[in-house]
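A structural walkthrough
Each chain is listed here by its residues.
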Protein chains: 2
Amino acid sequence: MRIGVDVGGTKTEAVLVDGSGVVLRQVRLATGFGHEAVVDSTVAAVEQLGGHDGVSTIGVGIPGTVDPATGTVSHAINLGVDHLDLGARLASRLGSEVRVENDVNAAALGAFHLLGVPATQSIAYLNLGTGLAAGLVLRGELWRGSRGAAGEIGHILIDPAGPLDLDGQPGGLEAMASGSGIARQWATGEPNAVSAVLDAADAGDPRAVQIRSRLFEGVASAVRILVLTVDVDAVVIGGGISRLSDRILEGVESVIDGWARASPFITSLELGSRIRILPEGSPVAALGAAHLAAPTSSPRLVS
Amino acid sequence: MRIGVDVGGTKTEAVLVDGSGVVLRQVRLATGFGHEAVVDSTVAAVEQLGGHDGVSTIGVGIPGTVDPATGTVSHAINLGVDHLDLGARLASRLGSEVRVENDVNAAALGAFHLLGVPATQSIAYLNLGTGLAAGLVLRGELWRGSRGAAGEIGHILIDPAGPLDLDGQPGGLEAMASGSGIARQWATGEPNAVSAVLDAADAGDPRAVQIRSRLFEGVASAVRILVLTVDVDAVVIGGGISRLSDRILEGVESVIDGWARASPFITSLELGSRIRILPEGSPVAALGAAHLAAPTSSPRLVS
């Protein structure tokens, strides 16, 4: 049996899975804030599952910059975590080996298992949440790249006239198609800026229509870029915005159809049919955390 | 010993390499035009190497759409090849197993071996020639993706106000930063449009300066996209335009430096230091063809 924990910005979700990947038990509790409280709520989640007797591995997915080789987490601002030796802290509290991974990477691995993708195939998991990032699972294995930057496509710039990201760079995928990017463009203080923009666009507000168009364009471009670069079998969309899939998917497909009408090559890629939407509420990052492999030593740059 | 053949638009280059990858012999001759002539010139190249006695594998890199599983080549327009069963035709003429691969993919594998990249590392080979495309070698293995489209980044669109590609889509990397894309923007009939644009830009022609800026921006963006998506250890630049590297590399680095000044995250990626330029005249596609592994059956889409 394996345990996977998804340490989210507000909730921590944990699953106990058996050897064939079936979820036997699942718990959810509030995530603590700050170094000690994050460790405490993670330990509490494992204990609420009934502890870890008979458990072979414990995996944790968490936002921020994660070094899987050491189990350290940095810059997880929403959790109040600056630099935390999470793997070692949990291992000493739980008496087990603990594997730590970035939450989007963990979710990518979880999506691969949840959707029952054959081990010879590859997916990108496109997380549309507060931020925009992807995780790659190539033939069943998580692909982190040379320094863990693989899938950081939110920083790809596709429109010099587009909205600015936090660094002031224009037209980044994250600025166009994430919760934070849309909240910066539609700064009305409404709790869910994406829903608010979609409502206002439906009501005919021209600025909301433009922001919505860029959301559709950004998501479609993310799919196009992932397929043209890595040629994954499927792009699985998850994250908070994906819960609005009935309000955005048609728009995204319309962008893709426009490209396909112009270009026989793009038609041949069948981008639209590669898109999958995660079932709502899937504990995908926790499930993926349970499937984390032992870290290998980080490869180094060509010298 | 292995033989690798690079069937180019005008020249066919063939190498004989020993078990440790050292090039023992190298020949170059004119490529035939049309189905029969391409087969003939490829056979002639192998024969000029001294035949294939004692040779364990023969690999061929060729432009167009290649199915490595069957050895067929389609849409190699510059070679007058519509659909050619090249692998089988060569195998019957040469009496050996023949592996066929797209030329950019073959060059990627060749660059990996030529530069002596450790087997645990990964590169993208960015071909800046008549077209713009990349090949990926991930931990020593060619990565073709689910349908052979991996690395087709020339079709990534980064500027809605940019020059049009052949399908009429704006701001594609190929339209901005390839020989054909620049020739369409600078249609003066000069034999080398890229050199002509660089000369005119040096002389202060404002339109040439704009085309040159987009060339720099396109190459830098290709590097950024490859690193943000796959996080390869190095991006190796080759192809016809790379022979002008002393005239373009500084401009590309200046674009990257501008991004890095704006963004600590982009700074942390060290994009500039990941760029490698292939030594001029390296028989990189032929070398890579000699290293082609036996094809595996094509993986299928998630159903």
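Under an unreviewed UniProt entry, the name given to chain A is Sugar kinase, and the source organism is Homoserinimonas hongtaonis.

Quick look at the side chain of D231(A) now. When you line up the elements, D231(A) lands in the loop between helix 7 (206–230) and strand 12 (234–238). Within the structure, D231(A) has its side chain in polar contact with the backbone nitrogen of G148(B) (distance 3.1 Å). Residue contacts for D231(A): discarding those within four places in its chain leaves L226(A), R274(A), R144(B), G145(B), S146(B), R147(B), G148(B), A149(B) and A150(B).

Right, let's get into the relation of the copies chain A and chain B. For the pair chain A and chain B, the best superposition has an RMSD of 0.0 Å and corresponds to a rotation of 180° with a translation of 0.0 Å parallel to the axis. A rotation of that kind, with that shift, is consistent with a two-fold axis. Within chain A, I158(A) has its C-alpha nearest the rotation axis, a separation of 2.0 Å.

Between chain A and chain B, the residue contacts involve 53 residues of the former and 53 residues of the latter. Across the chain A/chain B interface, buried area totals approximately 4,400 Å², and carbon plus sulfur atoms make up 53% of it. Where chain A packs against chain B, one counts two salt bridges. Two residues, E270(B) and R147(A), come together in a salt bridge whose shortest N-O distance is 2.9 Å. Of all the secondary-structure elements, those providing two or more residues to the side of chain A that touches chain B are strand 10 (132–138), helix 7, helix 8 (245–262) and helix 9 (264–269) of chain A. Broken down by element, the residue count for the side of chain A that touches chain B peaks at seven residues, all from helix 7 of chain A. For the side of chain A that touches chain B, the class distribution of residues is 27 nonpolar, 13 polar and 13 charged.

The rules behind the values
Residues numbered from 1 in each chain as written. Chains lettered and ligands numbered in written order. Predicted model: local features only at pLDDT ≥ 70, side-chain atom pairs only at ≥ 80, totals over all residues. Heavy atoms only, no water. Helix = DSSP H or I, 4+ residues; strand = E, 2+ residues; numbered from the N terminus. Polar contact = N/O pair within 3.5 Å; in protein donor to acceptor, adjacent residues only side chain to side chain. Contact = heavy atoms within 4.5 Å. Least-squares fit on C-alpha atoms with pLDDT ≥ 70 in both. Buried area = accessible area lost by both parts, 1.4 Å probe. Salt bridge = Lys/Arg side-chain N within 4 Å of Asp/Glu carboxyl O. Nonpolar A, V, L, I, M, F, W, Y, C, P; charged D, E, K, R; others polar.

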